[in-house]
Each structure stands twice: as C-alpha cells, then as structure tokens.
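Architecture at a glance
Each chain, written out:
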Amino acid sequence: MEMVSKYNSSFVLNDEQRTKIIRKEVQQSYKDIRAKYSILKHQNAIGFFIFAFSISMIVLSGVGYLQHNISIFLLIPWVAFWTSLLHELEHDLIHFMYFKKNKFIHNLMMLGVWVFRPMTISPWLRREIHFHHHRVSGTKTDIEERGVTNGERWSFKRFITVADVLLGGVLRGALIRRDVIAAVQSGELSREQALVFKKVKVYGMMPFTIVLYLIWYFFLAHYAIHFGAMLLQLDYSSPAFIQAQMYWINPLVAILIAPNFFRMFCLHFITSNMHYFGDVESGNVMQQTQVLDKWYFLPMQLFCFNFGSTHAIHHFVVNETFYIRQLTASRAHQVMKEQGVRFNDLGSFRRANRFYEHPQLEIA
Ligand SMILES: [Zn+2]
Ligand SMILES: [Zn+2]
C-alpha cells in the first residue's frame, strides 16, 4: 500500500519509471518468499526432482497405455500436462536456472526436456533466439515469437500453424528471411545474429524433430486416406508394408507426438496472443506483453503452466524459476495493474497483436 501513495502522485510516470517500479516489487516478492521458505534455496534439487518426476509420469503412463490399462483420452492430456512442466524447465534451463556450474547435469536435463518434447527445436539453439526475444521482443526480428504466428492476422493458415512449427516455418520462412535481411541492411540487426538465425533454421530440428514431424504427417495422411475411402464407400486397404509400420507409429503418436502437439497448440496460442508485435517500442517492457488470466483461458493454461498469466512477469524480471513466479504472481499482478500493464486485452486478437489501434494496418 505504501507504494501506491509513493507513486500515484500528481506527476506522470514514463514507461521506464513504471518498469523500474514493477521490477523492484517483483524482485522483492522473490526475496520475501525465499526468506519465508528455506526449502526454495535447494533450486538444483527442486529442478531435478520436477524433471525426474515428470519424465517418470510420462514413461509410466506410456507403459500403462501399451498394456491397455489407460485410455488414449486420458493419456493425451496426462502426458501433455507433464510435458508442460518440462517446457517450463527447458525455459528455466535456457536461462541457466539449474546446475549452472555442473555442465554435465545441466546438459543432461537439456537433452531430457527435448527428448520428451521432441516436436520442438533444440534447446541449445533455442537459447540463442530466446535471448534475442528478450532483447527485441515484439519487433520484426523477434523470430521466436514470429515462429509461432505472432503478428499475423487470424486465418486458417494461422490456426493450422499455431502448433506446427515446421509447416509454419515453410509457409512464412521467406517473409521472415526478407525482414531479417532488411534489418541487417539497416543496421538494426548484427550480421552475427542473422547467421545465428540461419544456424537455428538449418540445425534446430536435427536430428529427430524433423523425423517425428514426417512420421506425424505420414500418420495424418494414412488415416485421411482411410477416412476418405470410408466416406466414398470404397473398398480400400493400405499395402501390408504400410500397415506393418502403423504398429510402431500408432503408439509413438499416442504417447509422445499427439500430447506434445496438443500442448504446443495451447502454449503457442497463449504466447502468440499475450506478446504484442509490430508497433512495440524496442526495449519497452511495458508494451511487450499483456496478462491473459480470464477464466476462459484456463483449459489452455492447464497445459502451459499458466503461461498467459505469468510470462509477462518474466519479461520484467528474467532470472527466477517458473514455480516461484507462479507462487508470487498475485503480488506481481497487483503492481503491474497499478502501473498500467494491460490485462486480458482481447482487442489484440483483432489487431494482429498490435499494441495500438491502427486504422490502416499493413500486415504482410
Ligand atoms: Zn516472452
Ligand atoms: Zn525467457
């Protein structure tokens, strides 16, 4: 309350001052909760426990499914939930939150969170574009967010590429490439950073992500053909060789691919709508994000660890773990609201994620 009287006085604060106020309060909330619960100082152990527990849950439910003890309708959301914790761990690992000094365990965890979320790009390469995201969030070279449809008008294309990063990359690759080249020419982006983007594009899905996407497309095509034949009442059965492949493809899709695809749809839908794009002042954190925490987002938040509600806090204070960010979210939200961070700005869906209303918005 003291803060309200201290800052809500007659003078008008600029965004930089507001950002400072929010940062200070959020950092204090982290200090307070760490002082209150001494267990939180065992950060490496907590991170590793969440890692091992989540993977155990995925493996056990996978075995249960193969033994016909778990229905696929339970398996998919169950695995999706545990992979959402692995996603948060991956993001924390990218920011070196666990085992910073023990390279072996750190990298082992990086590998683990990738293997069980195999439809995503390599975390070692994602680190490079994620740090860039923090530096230039909402501008044309923020390729991490653009890669998940941020900044586009809502359309069928946007809908089908929310989760599918490979197809999305193919469909919008040329446009992003053009913007990156233009940014290098104007001096906005360094040549080194552009080369890093190229590296991510070429190697980001190696070795297994690309293979899993091809298996997924094969699976979809296979059942689409069968479905089409059924509709047309054709007597069709696929060749024996293809049928034989479905014995290992079906369980792989059920246990790993479909849950991750479902989780990625939830996460990417939320993230690509809570980040602003296109008219964000470079480096202005107040304009980079909004908070999405209305009840109707809950079904999606369940599979992305409340990302819509807490990721905006991360833009203000980067170096904190996901669970502490969640535990202190209400205090952070209070100061963010007081300082004018937007909450549940649904107009951004209509504005193709622009921060402001533009009468004639040009969107490529
Ligand atoms: Zn972000
Ligand atoms: Zn981050």
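Residues numbered from 1 in each chain as written. Chains lettered and ligands numbered in written order. Predicted model: local features only at pLDDT ≥ 70, side-chain atom pairs only at ≥ 80, totals over all residues. Heavy atoms only, no water.

Another aspect to go through is the coordination of the zinc ion (ligand 2). Bound to the zinc ion (ligand 2) are the protein donor atoms His91 (NE2), His95 (NE2), His130 (NE2), His134 (NE2) and His314 (NE2), situated 1.9 to 2.2 Å from the metal. Here the donor residues of the zinc ion (ligand 2) share one chain and are spaced in sequence as H-x3-H-x34-H-x3-H-x179-H. Here histidine 91, found in helix α4 (residues 72-94), pairs with histidine 134, found in helix α6 (residues 123-136); they are 43 residues apart in sequence, far enough to count as distant. Its relative accessible area of 2% is what places histidine 91 among the buried residues. (Donors = N, O, S within 2.8 Å, 3.2 Å for Na, K, Ca; no water. Helix = DSSP H or I, 4+ residues; strand = E, 2+ residues; numbered from the N terminus. Buried < 20%, exposed > 50% of the residue type's maximum accessible area, 1.4 Å probe, protein only.)

Bringing the coordination of the zinc ion (ligand 1) into the picture now. The zinc ion (ligand 1) binds to the protein through His133 (NE2), His275 (NE2), His311 (NE2) and His315 (NE2); the donor distances cover 2.0 to 2.1 Å. Angles of 96 to 151 degrees at the metal separate the four donor atoms of the zinc ion (ligand 1), which places the site in the irregular class. The sequence motif formed by the donor residues of the zinc ion (ligand 1) is H-x141-H-x35-H-x3-H. One end of the pair, histidine 133, is in helix α6; the other, histidine 275, is in the loop between α12 (240-274) and α13 (285-288), and 142 residues separate them in sequence. The buried category is assigned to histidine 133, whose relative accessible area is 1%. (Tetrahedral: all angles 85-135°; square planar, octahedral: opposite > 155°, others 65-115°.)

Looking at the secondary structure, you find asparagine 102 in the loop between α4 and α5 (103-115). Judged by its relative accessible area of 32%, asparagine 102 is partly exposed. Residues asparagine 102 and histidine 222 lie 120 residues apart in sequence; the distance between their C-alpha atoms is 45 Å. From its side chain, asparagine 102 meets the backbone nitrogen of isoleucine 105 in a polar contact 3.2 Å long. (Polar contact = N/O pair within 3.5 Å; in protein donor to acceptor, adjacent residues only side chain to side chain.)

Quick look at the packing of aromatic side chains now. Two measures describe an aromatic ring pair: the distance that separates the ring centres and the angle between the ring planes. Evaluated as defined, the whole model comprises 24 aromatic pairs. Between phenylalanine 48 and phenylalanine 99, the ring centres sit 6.3 Å apart and the planes meet at 85 degrees, which makes this aromatic pair edge-to-face. Pair noted here: phenylalanine 48 is in helix α3 (residues 43-66) and phenylalanine 99 is in the loop between α4 and α5, with a separation of 51 residues, a long-range link. A ring pair is formed by tryptophan 114 and phenylalanine 208, whose centres lie 4.6 Å apart and whose planes are at 40 degrees; its orientation type is tilted. (Phe/Tyr/Trp six-rings, centres within 6.5 Å; stacked < 30°, edge-to-face > 60°.)

Taken as a whole and assessed by the stated rule, the structure comprises 13 salt bridges. Across the salt bridge formed by glutamate 128 and lysine 199, the nearest N and O atoms sit 3.8 Å from each other. With glutamate 128 in helix α6 and lysine 199 in helix α10 (residues 191-203), this pair connects stretches of sequence that are 71 residues apart. Lysine 199 gets classed as partly exposed once you look at its relative accessible area, which sits at 37%. The shortest N-O distance in the salt bridge between aspartate 345 and arginine 351 comes to 2.7 Å. With a relative accessible area of 13%, aspartate 345 lands in the buried category. Taking relative accessible area as the criterion, arginine 351 reaches 8% and is therefore assigned buried. (Salt bridge = Lys/Arg side-chain N within 4 Å of Asp/Glu carboxyl O.)

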